[in-house]
Amino acid sequence: MRLRAQGLVKMFPGVRALDGVNLDLRPGTVHALLGENGAGKSTLIKVLTGVHRPDAGVVEVSEDDATWAPVTFGKPQDATAAGIGVVHQERNLVPRFSVAENIALQSMPRRHGVVDKSAMRALASRCLQQLDLHLDLNRPVAELSVAQMQLVEVAKALATDSRVLLLDEPTSTLTSQEADRLYAVVRRLRDDGACVVLVTHKLDEVFAIADTVTVLRDGRSVAEGRALSELSRSDVIDLMVGRSFADLQPDPTPPKDRSGIAALELAHVSTSVGHEDVSLTVHPGEIVGLYGLVGAGRSELARALLGLDDITSGSVLIRGQEARIRSVADALHRYGMGYVSENRKEEGVFLEQPVTRNVAVTVWRRLSAWGMVRDRSESVLLDTYVDRLGIRISGHKQLAGQLSGGNQQKISLAKWLAADCSILVIDEPTVGIDVRTKASFHTLIAELAAKGLAILLITSDLPEMVTLADRILVMHDRQLAGEVDNVAHDYAASSRQVVRYMHAEHVA
């Protein structure tokens, strides 16, 4: 099946998200859909899958490249029935349902009018096998890690046998090994005649797997179905940003002084979610990275540190003094520790609140006068970080849920920067962030460390980890497996050591 869109327009209050976009998807290809945050990529995906209806333009399908039929999708189920599957950037799983139930939800097998649980489990097992993923089919999705949820989303899309599969930031929370596993499936689907649309900010992945590319800028298609073999990485970036652009890289930093008291120290910590005897330090001005496969326990360790899970033994020390942290608010107000969560949709931002309130929430005490926080105070604070982080908003009262995923991530970071923390735990800081802003984020994080901030960094992007971290702690099965001295920021050398520790037994 061939799918094309012509002249698509989609309007939201104060925003023309799509402005005459064209897209042509051919069978047996991997088509990259690129653009900066707010360029219209996710909106286009939602129009093609029946989440939004276009205000103008047409979507058409053809089985023979000669006869075209217009299609209208009033709801996502219509698109699924037409052979269009999607993995959205924001997860759409039912937390209380099992892994098997979520995977089979859109194509639930029935027998005599009731759910055929045996067939449902067989379908779910087949889809997980395609991803080489081993999960308990009866386990509630709410108990999975964010990365595992992402892979279940992909398995859910595979269950519908889609002829056009749209993947919106599919590897945003996956390690490089997990991404390789996913892209092996993508290649098989392409070779079987499907068209896979890849929406991502990871250009290395684009050039490794995609055949053609469409680039959106400010709601318009500035490149349509171009062969990637004709373009360089710089060409694609120039198309995305509209002018020549060179990658920003933080300046090399000298080795950090670790002779003084650590800003943050974990001493022989065990947790209720399975960590055992974890010890680490983060000194002022230092960026310490946590890296590992899905299930290694990186994000879970951060949650325990912030009081979201229980620490069952060992100690947490803040500037040499034992700390008993009961909540994120406790961590901020008593100990000066902030937490940029990887789960921005549920933990990072208040989707139904204005962007002003989202940024100011950590500093209401500072902004209040006589128990009241004036709107103007919140607006002035927001403007500071709109300029600093390049956040795209239509106005101060815009709801955070109306922003693109990347701009939501910027809002999530901005609220902690506003709080002037001395320790910052950052979990997946650049998920869904475009190439220019990602480079700016790297510079910003390096500058924060240079000013004395102690940063514990969790990222599944190994190049990002090697770019930023002074030391990389590798986790395996909820234990520390090894430490990589990354002061030289040598990608080849550091990544080899990281991979060796990831596949080794516990040695720390």
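In case you missed it, the structure is sitting above this.
A few points on the structure. (Residues numbered from 1 in each chain as written. Predicted model: local features only at pLDDT ≥ 70, side-chain atom pairs only at ≥ 80, totals over all residues. Heavy atoms only, no water.)

### Re the packing of helix α14 (residues 375-389) against helix α15 (residues 405-418)
In step 1: Axis separation between α14 and α15 bottoms out at 10 Å; the angle between their running directions is 120 degrees. Here α14 lies oblique to α15, going by the angle between them. Here α14 runs over α15; the crossing is right-handed. On α15, the residues that touch L381, L382, Y385 and L389 of α14 are K410, I411, A414, L417 and A418. (Axes fitted to C-alpha atoms, helices over the stretch in contact; angles between N-to-C directions. Helix = DSSP H or I, 4+ residues; strand = E, 2+ residues; numbered from the N terminus. Parallel < 35°, antiparallel > 145°, perpendicular 65-115°, else oblique. Left-handed = near helix turned anticlockwise from the far one by under 90°. Contact = heavy atoms within 4.5 Å.)

### Re the sheet that holds strand β6 (residues 84-87)
In step 1: With mixed pairing, 6 strands are arranged side by side in an open sheet as β6-β9-β10-β3-β11-β12. Lying at the two open borders of the sheet, with one neighbouring strand each, are β6 and β12 (220-227). Across this sheet, the average inter-strand angle for adjacent strands is 15 degrees, counted without regard to direction.
In step 2: Along the sheet face, helix α5 (residues 146-158) touches β6 and β9 (164-168) and points at about 175 degrees away from the line of β6. (Pairing = 2+ DSSP bridges.)

### Considering the environment of V386
In step 1: Turning to its location among the elements, V386 is positioned in helix α14.
In step 2: As for V386 and N407, which are separated by 21 residues in sequence, their C-alpha atoms are 9.8 Å apart.
In step 3: Setting aside anything within four residues of it in sequence, one finds V386 in contact with I391 and I393.

### Some thoughts on the pairing of strand β13 (residues 264-271)
In step 1: Burial within β13 is extensive, with 6 of its 8 residues counted as buried.
In step 2: Both β13 and strand β14 (residues 278-282) contribute to a ladder of 4 bridges, which runs antiparallel. Bridging from a neighbouring strand, L266 pairs with L280 of β14.
In step 3: Between β13 and β14, which pair antiparallel in sequence order, lie 6 residues; one of them, G274, sits at a positive phi of approximately 110 degrees.
In step 4: In the sheet, β13 pairs with strand β16 (residues 311-318) via 6 bridges, with the strands oriented antiparallel. In the strand pairing of β16, L266 is matched with V316. (Buried < 20%, exposed > 50% of the residue type's maximum accessible area, 1.4 Å probe, protein only.)

### Structural notes on the pattern of salt bridges
In step 1: For the structure shown, the criterion picks out 19 salt bridges.
In step 2: Between D19 and R220 there is a salt bridge; the shortest N-O distance is 2.8 Å. Of this pair, D19 sits in strand β2 (residues 15-25) while R220 sits in strand β12, and the two are 201 residues apart along the sequence.
In step 3: Using a relative accessible area of 45% as the deciding quantity, one classes R220 as partly exposed.
In step 4: With a shortest N-O distance of 3.7 Å, E322 and R324 are connected by a salt bridge.
In step 5: Assessed through its relative accessible area of 47%, E322 is described here as partly exposed.
In step 6: With a relative accessible area of 55%, R324 lands in the exposed category.
In step 7: Shared partners join several salt bridges into a network, and the residues in it are R2, D24, R26 and D65. (Salt bridge = Lys/Arg side-chain N within 4 Å of Asp/Glu carboxyl O.)

### Focus on the packing of aromatic side chains
In step 1: Tallying each qualifying case throughout the model produces 0 aromatic pairs.
In step 2: Sitting over the ring of Y501, R500 keeps its end group 4.7 Å from the ring centre. (Phe/Tyr/Trp six-rings, centres within 6.5 Å; stacked < 30°, edge-to-face > 60°. Lys NZ or Arg CZ within 6 Å of the ring centre and 35° of its normal.)

### Some thoughts on helix α6 (residues 176-191)
Note that an α-helix has 3.6 residues per turn; residues three or four places apart therefore point the same way.
In step 1: For α6, with 16 residues, the first-to-last C-alpha span of 22 Å sits near the 22 Å given by 1.5 Å per residue.
In step 2: Here α6 has its buried residues at E178, A179, L182, Y183, V185, V186, L189 and R190. Buried residues of α6, seen end-on, are gathered within an arc of 150 degrees and therefore sit on one face of the element. Structural note: α6 exposes D180 and D191 on the side pointing more than 90 degrees away from its buried face.
In step 3: Along its buried surface, α6 packs onto β3 (29-34), α4 (117-130), α5, β9, β10 (195-199) and α7 (203-209).
In step 4: Where α6 ends, the next residue or the one after it, G193, has phi of about 100 degrees, a positive value. (Expected span 1.5 Å × (residues − 1). Arc of directions from axis to C-beta.)

The values reported here are purely geometric and, on their own, carry no functional implication.
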